[in-house]
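Spelled out, the chains give:
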Amino acid sequence: EAGVAQSPRYKIIEKRQSVAFWCNPISGHATLYWYQQILGQGPKLLIQFQNNGVVDDSQLPKDRFSAERLKGVDSTLKIQPAKLEDSAVYLCASSPITRRGADTEVFFGQGTRLTVV
Amino acid sequence: AQTVTQSQPEMSVQEAETVTLSCTYDTSESNYYLFWYKQPPSRQMILVIRQEAYKQQNATENRFSVNFQKAAKSFSLKISDSQLGDTAMYFCAFMKRPFGTSGTYKYIFGTGTRLKVLA
């Protein structure tokens, strides 16, 4: 089966500009995550969707970050305006919900490396 | 709040040797999962092994095994017969067990251990 698709792979922007990342999860996966991975750190959850509803956005800097998952399939994460400290890899991930309940394995995309200069 | 600590930022091992990566965590939960994920250079993160906290038996997946010490809140990964393809960042992660079919959950990741396998 196809994996989690993300685009673009790399992006360089100047501070105060805006940027958007796109993610297409594995077909049928109800849960979608956006993580921020700063160099030398582990991934940090920004936002979690279940179908098209937000279940956790407690660590999303809402003054500059926004995300949507229209129709419960693909998702877009936007940063506006970008700051230098937003330089990171943005990982999208998805997981299914099985009949047993939420599955535990999360499948990751390759990520988008953002550099803000 | 849960925390995950990986105290070894970098490690190296000779090909065919065995290496152990350490992970400790802190939680007041009784039902949870622990994971090791591998992130090869410029490639996506993949699951290596998972452990359910209520299972006393340590999980194994081919050359990968864990030493799960629940009372000590320790979860180390042992890689036997190391191969060049094992070179990667390894992340330890914690997940609280969700309830029901619509329970929500999230991973808490450690800071990672960069493992280099030497030829």
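Rules and cut-offs
Residues numbered from 1 in each chain as written. Chains lettered and ligands numbered in written order. Predicted model: local features only at pLDDT ≥ 70, side-chain atom pairs only at ≥ 80, totals over all residues. Heavy atoms only, no water. Helix = DSSP H or I, 4+ residues; strand = E, 2+ residues; numbered from the N terminus. Rg over C-alpha atoms; globule rule 2.2 N^0.38 Å. Buried < 20%, exposed > 50% of the residue type's maximum accessible area, 1.4 Å probe, protein only. Areas by Shrake-Rupley, 256 points an atom, 1.4 Å probe, with all protein chains shown as cover. Lys, Arg positive; Asp, Glu negative; His and termini not counted. Charge placed at Lys NZ, Arg CZ, Asp CG, Glu CD. Contact = heavy atoms within 4.5 Å. Pairing = 2+ DSSP bridges. Axes fitted to C-alpha atoms, helices over the stretch in contact; angles between N-to-C directions. Salt bridge = Lys/Arg side-chain N within 4 Å of Asp/Glu carboxyl O. Core = buried A, V, L, I, M, F, W, Y, C linked by side-chain atoms within 4.5 Å. Phe/Tyr/Trp six-rings, centres within 6.5 Å; stacked < 30°, edge-to-face > 60°. pLDDT = per-residue confidence, 0-100.

S.K.: What should I look at first to understand the overall build of chain B in this one?
M.R.: A count of helical and extended segments in chain B gives zero helices and twelve strands. Each helix and strand of chain B, placed in order from N terminus to C terminus, yields the pattern β-β-β-β-β-β-β-β-β-β-β-β. Taking 2.2 N^0.38 as the reference for a compact globule, 119 residues should give roughly 14 Å; the C-alpha atoms of chain B span a radius of gyration of 14 Å, in line with that estimate. For chain B, buried positions account for 47% of its 119 residues. Carbon together with sulfur atoms contributes 44% to the accessible area of chain B, which is approximately 6100 Å² in total. Taking the average location of the 13 positive side-chain charges in chain B and that of its 9 negative ones, the two points are 7 Å from each other.

S.K.: Could you clarify how one ought to interpret the overall build of chain A in this entry?
M.R.: Scanning chain A from terminus to terminus reveals zero helices and 13 strands. The linear arrangement of helices and strands in chain A, starting from the amino end, is β-β-β-β-β-β-β-β-β-β-β-β-β. A globule of 117 residues ought to have a C-alpha radius of gyration of about 13 Å, and chain A, at 14 Å, matches this closely. When its C-alpha atoms are laid out on the principal axes, chain A stretches across 45 × 25 × 25 Å. Here chain A, with 117 residues, has 50% of them falling under the buried criterion. Intrachain contacts of chain A at a sequence separation of at least 6 include 53% that bridge at least 24 residues. Of the roughly 5800 Å² of accessible surface on chain A, a fraction of 48% belongs to carbon and sulfur atoms. Side chains of chain A carry 14 positive and 11 negative charges; the gap between the two charge centres is 3 Å.

S.K.: How should I be thinking about the sheet that holds strand 3 (residues 19-24) of chain A in this particular structure?
M.R.: As a general point, the strands of a sheet are linked pairwise by backbone hydrogen bonds and lie either parallel or antiparallel. Residues and elements named next belong to chain A. If you trace the four strands from one edge of the open sheet to the other, you get 1-3-8-7, paired in antiparallel fashion. Edge positions in the open sheet fall to strand 1 (5-7) and strand 7 (65-68), since each of these has one partner strand only. Ignoring strand direction, the axes of neighbouring strands in this sheet form an average angle of 15 degrees.

S.K.: It is not clear to me how the pattern of salt bridges should be interpreted in this structure. Could you clarify?
M.R.: Charged atoms that come close allow side chains of opposite charge to pair. Counting across every chain of the model gives seven salt bridges over all chains. Between R50 of chain B and E105 of chain A there is a salt bridge, and its shortest N-O distance comes to 3.7 Å. Pair noted here: R50 of chain B is in strand 6 (residues 46-52) and E105 of chain A is in the loop between strand 11 (101-102) and strand 12 (107-108), and the two residues belong to different chains. Here R50 of chain B falls in the partly exposed class, since its relative accessible area comes to 30%. We note a salt bridge from E52 of chain B to K55 of chain B, for which the minimum N-O separation is 3.3 Å.

S.K.: Honestly, the nonpolar core in this entry has me stumped. Any pointers?
M.R.: Side chains that are nonpolar tend, in soluble globular proteins, to be buried together. By size, the foremost hydrophobic cluster in this structure holds 26 residues, and its most contacted members are Y25, W36, F75, L77, Y90 and L115 of chain B. Counting residues per element, the ones that place at least two in this core are strand 2 (10-14), strand 3 (19-21), strand 5 (32-39), strand 6, strand 8 (64-69), strand 9 (74-79), strand 10 (88-96) and strand 12 (113-118) of chain B. The element that contributes the greatest number of residues to this core is strand 10 of chain B, accounting for four residues. Core analysis: the second largest hydrophobic core is formed by 21 residues, I13, I26, I79 and A82 of chain A among them.

S.K.: Would you mind showing me how to read the packing of aromatic side chains here?
M.R.: Any aromatic ring pair is given by two values, namely how distant the centres are and how the planes are angled relative to each other. In this structure the tally under the stated criterion is 19 aromatic pairs over all chains. Measuring from ring centre to ring centre gives 6.1 Å for F35 of chain B and Y37 of chain B, while their planes differ by 40 degrees; the resulting arrangement is tilted. Exposure remark for Y37 of chain B: the relative accessible area of 0% places this residue in the buried category. Ring-pair connections join several aromatic residues into one group, and the members of that group are Y33, Y35 and F108 of chain A together with Y33, F35, Y37, F91, Y107 and F109 of chain B.

S.K.: Can you help me understand the confidence of the model for chain B in this one?
M.R.: When pLDDT is low, close inspection of the predicted coordinates is not appropriate. Averaged over all residues, the pLDDT of chain B equals 91, while 93% of them reach at least 70. Here strand 11 (residues 107-109) of chain B stands out as the element of chain B with the lowest mean pLDDT, 88, in contrast to strand 3 of chain B, whose mean of 98 is the highest.

S.K.: Got a minute to help me understand the pairing of strand 6 of chain B in this structure?
M.R.: Two faces make up the sheet, and in a regular strand the side chains alternate between them. All names here are of chain B. With respect to burial, strand 6 is a largely interior element, five of its seven residues being buried. Summarising the sheet, strand 5 and strand 6 pair through six bridges and their orientation is antiparallel. Bridge pairing in strand 6 links L34 to Q51. The hairpin formed by strand 5 and strand 6 contains six residues between the paired strands, and S42 there has a positive phi angle of roughly 60 degrees.

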